[in-house]
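These are the residues of each chain, in order.
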Amino acid sequence: MTDSQPVGQALAAIVREDGGRLLSCLITNLRDFQLAEDSLQDALESALVHWGRSGLPHSPSAWLMRTARRKAIDRLRRAANFRAKAGAVAVLEEIIRAEPEVEEGSAIPDERLKLIFTCCHPALDRQTSVALTLRSVAGLTTEEIARAFVVSDDSMAQRLVRARHKISRAGIPYEVPQAEGLAERLDAVLAVIYLVFNEGYSAGEGPLVRIDLCEEAIRLARLLDSLMPKVPEIEGLLALMLMHHARSGTRIGGAGEMVALEDQDRSRWDKARIAEGAALVERALRRGRPGPYQLQAAIAAIHAEAESFADTDWREIALIYRELMAMRPNPVFELNRVVAVSYSEGAAAALDLIAPLAPVLAGYQPFHAVRADLLARLGRGSQARDAYEKAIALSQSEAEKRFLAVRMGKIAAGG
Amino acid sequence: MKYMALIYAEPGSSPAYGTPEFGAFMAAYQAANEAFARDGVLVLGEALETASTATTLRVRGGKPETMDGPFADSKEQLGGFYIFDCANLDDALRYAAMIPTASYGAVEVRPIQNFG
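Note that the coordinates shown come from a computational prediction; the quantities given were computed from them, not determined experimentally.

Calculation notes
- Residues numbered from 1 in each chain as written.
- Chains lettered and ligands numbered in written order.
- Predicted model: local features only at pLDDT ≥ 70, side-chain atom pairs only at ≥ 80, totals over all residues.
- Heavy atoms only, no water.
- Helix = DSSP H or I, 4+ residues; strand = E, 2+ residues; numbered from the N terminus.
- Buried < 20%, exposed > 50% of the residue type's maximum accessible area, 1.4 Å probe, protein only.
- Contact = heavy atoms within 4.5 Å.
- Areas by Shrake-Rupley, 256 points an atom, 1.4 Å probe, with all protein chains shown as cover.
- Polar contact = N/O pair within 3.5 Å; in protein donor to acceptor, adjacent residues only side chain to side chain.
- UniProt positions renumbered as here; feature names shortened; annotations may be inferred.
- Buried area = accessible area lost by both parts, 1.4 Å probe.
- Salt bridge = Lys/Arg side-chain N within 4 Å of Asp/Glu carboxyl O.
- Core = buried A, V, L, I, M, F, W, Y, C linked by side-chain atoms within 4.5 Å.

Q: Just give me the short version of the overall build of chain A, but keep the residues and values in it.
A: For chain A, the count of helices and strands is 20 helices and zero strands. Each of the three principal axes of chain A carries a C-alpha extent, and together these read 80 × 50 × 40 Å. A buried classification covers 49% of the 415 residues belonging to chain A. Considering only contacts within chain A whose residues lie at least 6 apart along the sequence, 65% involve residues at least 24 apart. Per element, the accessible surface of chain A, about 19900 Å² overall, is 53% carbon and sulfur.

Following this line, the structure appears as structure tokens:
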């Protein structure tokens, strides 16, 4: 008899689409992250009752916003230290009174950029920022995020409450940083979005039903790009993720094993995503301010647009890795450069380059896998097998272990 | 908001008295103090005597018990503090980054509780 299910679905869709904007605007009104979150939840519960009875209002977002503000006033009035909050109530009542009667959703200002920078503030733990951004900006439920990170609902809820508590008590500002600190703070935002993506990317296996974190990361990057247009590193990150995601369907084989780039079925790569990513990175690089995400996206574009593994422009890839190393020295970039060199100049040249990396990367599985591959290509079978054994021992994933074992099995006898 | 910046360092990690680096280190402290004062954010700031001069006190069963040495048994010891009054955490962190010992040890920035 009730319409609560369709109303519930409509509400979930509104939260996904517009929840971040509503929350961001409420935080501006209330100057309190947790109170904004709680009042929005109150408004959603109220909507479930009222909309189930009388149908969806003309402008659902405006309805939710107005209700959330009233709920905030109720909460403030109930609070033990009401006198201290009386000023806040007066301000809210003024906002509600001054609000135009026209119920246009578009009249709600968009403060999501402030929200993103606050959720990704470097004073918060990175994993906490990931969870908070997914909850507050992407509009996922606490339960969905808990499932995605394989923790209990309670501990995820506690982590989110603790984060909002720190934001308010430590005085993390609710604002877009000034020009002087902006580059550094933007780096933190991009790192959080890329963490979301990598979490989804590495979670390829397992029976757990997880929300698609890769899609969420791309959605967040699109949002950031629309709120801060023409920033080359934002475009670079979005391009990078689009191109990785375009190949995701071919990374795992039928038996759950990892499939190497050279063996992937290129006809099954998502052409539309690749084209969008490639155009995006080209536009970003033309702005003349290259950065690590743009360069990694440029490499991904070379891979994605190559007709075959053999046709890949390895020389160009090696050059870009060299540029990346100059910009942000990192032994993993150097290892990737070694791989590119092995295809442009040969395995022997690459083996010379990989040796100096041994002290820093001894505990890193791909280092041993790359070394094993180089040794195998040079016909040094028994050394290659030793290196594969090390790689398999270091691997954390079954799909990867199977992949490495298959590679090891292909080494010609002898050596 | 008021913030306390607690300055921690391993004894002997910053330039020692009598070395040429020590002069520059002290000049950097002076420059930082001047910047804090000029911007009107400095409430108080002091350096502490070495941790070996500390006495730790507990009252148990109504009786004070003392222990020779600092409370925290860690390599890095509290060596001094500042109290800043500034708009938000970003400002507090910006001032804390000017504390020269931050380059050798660590500075913990904590909001001071406001009971208002």
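Now that the structure is up, let's keep going.
Q: Quick rundown of the environment of Asn330 of chain A? Include the residues and the values.
A: Residues and elements named next belong to chain A. In this fold, Asn330 is placed in the loop between helix 14 (314-327) and helix 15 (331-344). The exposure class of Asn330 is partly exposed, given its relative accessible area of 25%. Polar side-chain contacts of Asn330 include one of 2.8 Å to the backbone nitrogen of Val332.

Q: I'd love a proper account of the UniProt feature "domain: YCII-related" (unreviewed entry) in chain B, names of residues and values included.
A: Per the UniProt record, the feature "domain: YCII-related" (unreviewed entry) sits at residues 1-115 of chain B. Taken end to end, residues 1-115 of chain B comprises 23% helix and 36% strand; its first and last C-alpha atoms sit 12 Å apart.

Q: Residues and numbers for the interface of chain A and chain B, please.
A: In this assembly, ten residues from chain A lie in contact with nine residues from chain B. Roughly 660 Å² is buried in total at the junction of chain A and chain B, and carbon and sulfur atoms are behind 54% of that figure. Area buried by chain A at its contact with chain B is led by Arg169, Ala170 and Gly171 of chain A, which between them contribute 46% of it. Between Asp90 of chain B and Arg185 of chain A there is a salt bridge, with its nearest N and O atoms 3.0 Å apart. For the pair chain A and chain B, the number of links is four residue pairs in polar contact (both at pLDDT 80 or more).

Q: Can you tell me about the nonpolar core, naming the residues and giving the values?
A: Leu64, Leu134, Ile193, Leu224 and Met241 of chain A together with Phe84 of chain B are the most contacted members of the largest nonpolar core, which totals 121 residues. Excluding anything up to four places from it in sequence, Ile193 of chain A contacts Ala217, Leu220, Ala221, Leu224, Leu237 and Met241 of chain A. In terms of nonpolar packing, the next biggest core, distinct from the first, is built from 24 residues, Ala260, Ala387, Ala391 and Ile411 of chain A among them.

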